[in-house]
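Structural characterization, general
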Amino acid sequence: MSLFETHQQLISPSATNGSVPVGTPAIEFQDVELAFDDQIVLDKVSFTVPKGVTKIVLGSSGSGKSTIINLILGLVRPDAGRILIAGEDITPFDDMDLMRIRKRIGMVFQEGALFDSLSVYENVAYRLDEQGVDEDEVEHEVMRMLRFVDLEDAVDKMPIELSGGMRRRVGIARALVGNPDIVLFDEPTAGLDPPTARTICELAIKLRDLEDVSSIFVTHEMNNLEYLSSDYAVLDREGNVHFEQEGNNLCMLNTEVMMLREGVIIFSGSEDELKATRDPYIRRFITGK
Amino acid sequence: MSFIIQFLTELQEVGNLLWRCIKGLKKKPRYFGEIMRQMDLIGVGSLGICVLTGFFTGGVLVLQVYPTLDYYGATSNAGQGVATGLIRELGPVLTALMVAGRVGSAISAELGSMVVSQQIDAMRALGTSPARKLVTPRIIALIITLPLLTIAADMFGLIGGGLLANYLHSLDPNIYISSVRTGTHVEDLLASILKPMVFGLIIGVISCYKGLQTTGGTVGVGISVTKAVVTSSIYVIIADFFLSKVLQSAFSGTMF
């Protein structure tokens, strides 16, 4: 399966939810504003994440990146503006309606946020156990997800026994149970060594290119941007996943970049456009000098 | 003024938390397993300290009351004095304070740690209400187990008082038991069950609220634990005063 074939799937009617019109963005922010006391966190933020697209959100600490994710999950309410998930305005939703929306969203936290008192199996099975799914089905789904993140051997371990990278991967497996349409990554590679960070990015790439998932990837690490916007995943004839690099003849259409500064979007476009910008703040952020 | 506003705001938030728990009772899943686990942790886990507290409180009551009774030649009423003081007041209050210290701190520390490690956010992101999954089982477990712990503390308090009266003052055990039976009324027993139920609610809801309100990392967890224990202990003592008055009036028929 080539990257372009994947894109054909993303925009084909058969690949969309029957009740959602074709072309409806997976996530849409319309003039969203948020402030804590006198401190403005987001100021008229508007953007869309089309279906099957990964939006990389860059920005320094305190720029409002993680707040965007909390708003999508309904953990924080905006002061003004609208947030639409698959065309549905979640802004006026109460907790019960938000629970329904959250079931369609997978969330990968910075440190994994695994439940300390539960084993890896129980953590990954959590969402299905809560829904009262049959035990055999739960086991099948959990093992499928642990295979996806290559952690089948850790099924009986407790979170405390796992390394930082393993915790993040279990967090990803837990987020993917139930096949969510949207996955949110909140700095999932923070504090990890480069090979492990690369593994986490590869999982995000696999989700984007092979699983038809829309995602927001919050990060401030430039190597994440490099991996996500230049590599793509393909399946060979045996069904094995391979990662290939974007070449001269191939343009990555399913990855967008957005940059925040003090609650305002200061850049929106592709990785190439970001690198070509002459804005001194962005240049300093990219090069570190 | 700001203190009053802060108090009212907190009261509103605690009320909201409690209301969410009550609303969630009719929804599935109901987490019976978690309630049983919490009852084991809170009830069985606190039995030792509550029994010890009751035993020595009964003993100290005899120690303090006996000389006065002896002065008036009323040593045969020692059991009555211990029973009245222990069952009406000291049993429920001291048990609640012990549980507030042991369990209230544990609840706020656990929930506070879950907040700072984003486990509460993860739970909400996975479509589970922390109020239903974490708060309700703890409150129910406290409401059920605190009266049972109080009964255990009362019993061991009476035993402690009897043993001390016999050992130090050679009081006949039969006289002591007879005096205890004379001094124990149905109203006292009812009050010693009703009060701990209210105390359990207070400890549970305040400890959970303080834990869920944790901010500022591990330092914040410590602050939440202190606040949970201090606040719930104060409210237990305040509630005890008003409950005693209400129950006294209710049982004597002068309430309305």
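Check the entry above for the structure.
Presented here is an overview of the structure given in this document. (Residues numbered from 1 in each chain as written. Chains lettered and ligands numbered in written order. Predicted model: local features only at pLDDT ≥ 70, side-chain atom pairs only at ≥ 80, totals over all residues. Heavy atoms only, no water.)

1. Concerning the sheet that holds strand β4 (residues 80–85) of chain A
Residue and element names in this part refer to chain A.
- Taken together, 4 strands build an open sheet; the order of strands is β2-β1-β4-β5 and the sheet is antiparallel. Here the strands that pair on one side only, and so sit at the sheet edges, are β2 (39–49) and β5 (88–89).
- Note that β4 and β5 share 2 bridges and pair antiparallel. For I85, the partnering residue across the bridge sits in β5 and is E88.
- Packing of helix α2 (residues 65–73) onto the sheet brings it into contact with β1 (27–36), β2 and β4, and relative to β1 it is tilted by some 110°. (Pairing = 2+ DSSP bridges. Helix = DSSP H or I, 4+ residues; strand = E, 2+ residues; numbered from the N terminus. Contact = heavy atoms within 4.5 Å. Axes fitted to C-alpha atoms, helices over the stretch in contact; angles between N-to-C directions.)

2. Observations regarding the sheet that holds strand β6 (residues 105–108) of chain A
Residue and element names in this part refer to chain A.
- The 6 strands lie next to each other as β6-β7-β8-β3-β11-β12, forming an open sheet whose pairing is mixed. A strand with exactly one partner marks an edge of an open sheet, and here the two such strands are β6 and β12 (264–269). Neighbouring strand axes in the sheet, compared pairwise and without regard to direction, differ in orientation by 15° on average.
- Relative to strand β8 (residues 214–218), strand β3 (residues 54–58) runs parallel, the two sharing 4 bridges. Within β8, the position partnered with V57 by the bridge is V218.

3. Some thoughts on the interface of chain A and chain B
- Each partner contributes residues to the interface: chain A has 21 residues there, and chain B has 18 residues.
- In this assembly, chain A packs against chain B so that about 1600 Å² is buried in total across both faces, 58% of it on carbon and sulfur atoms.
- Where chain A touches chain B, the interface holds 1 salt bridge.
- For A:E130, the salt bridge is made with B:K133, and the minimal N-O distance between the two is 3.4 Å.
- When residues of the side of chain A that touches chain B are traced back to their parent elements, those giving at least two are α3 (95–102), β6 and α4 (120–130) of chain A.
- Examining the composition of the side of chain A that touches chain B, we find that 4 residues originate from one element, α3(A), more than from any other.
- A per-class count over the side of chain A that touches chain B returns 11 nonpolar, 2 polar and 8 charged. (Buried area = accessible area lost by both parts, 1.4 Å probe. Salt bridge = Lys/Arg side-chain N within 4 Å of Asp/Glu carboxyl O. Nonpolar A, V, L, I, M, F, W, Y, C, P; charged D, E, K, R; others polar.)

4. Things to note about the packing of aromatic side chains
- According to the stated counting rule, one finds 6 aromatic pairs over all chains in the structure shown.
- Summarising the aromatic geometry, the rings of A:F185 and A:F217 are spaced 5.1 Å apart at their centres and angled 35° between planes, so their arrangement reads as tilted. Within this pair, whereas A:F185 is found in strand β7 (residues 182–186), its partner A:F217 is found in strand β8, the two being separated by 32 residues in sequence. Taken individually, A:F185 and A:F217 each receive the classification buried, so the pair is uniform in this respect.
- Judged by centre distance (5.1 Å) and plane angle (80°), the ring pair of B:F241 and B:F242 falls under edge-to-face. Accessibility assignment for this pair places B:F241 and B:F242 in one class, exposed.
- One Lys or Arg, A:K206, reaches over the ring of A:F148 and ends 4.4 Å from the middle of that ring. (Phe/Tyr/Trp six-rings, centres within 6.5 Å; stacked < 30°, edge-to-face > 60°. Buried < 20%, exposed > 50% of the residue type's maximum accessible area, 1.4 Å probe, protein only. Lys NZ or Arg CZ within 6 Å of the ring centre and 35° of its normal.)

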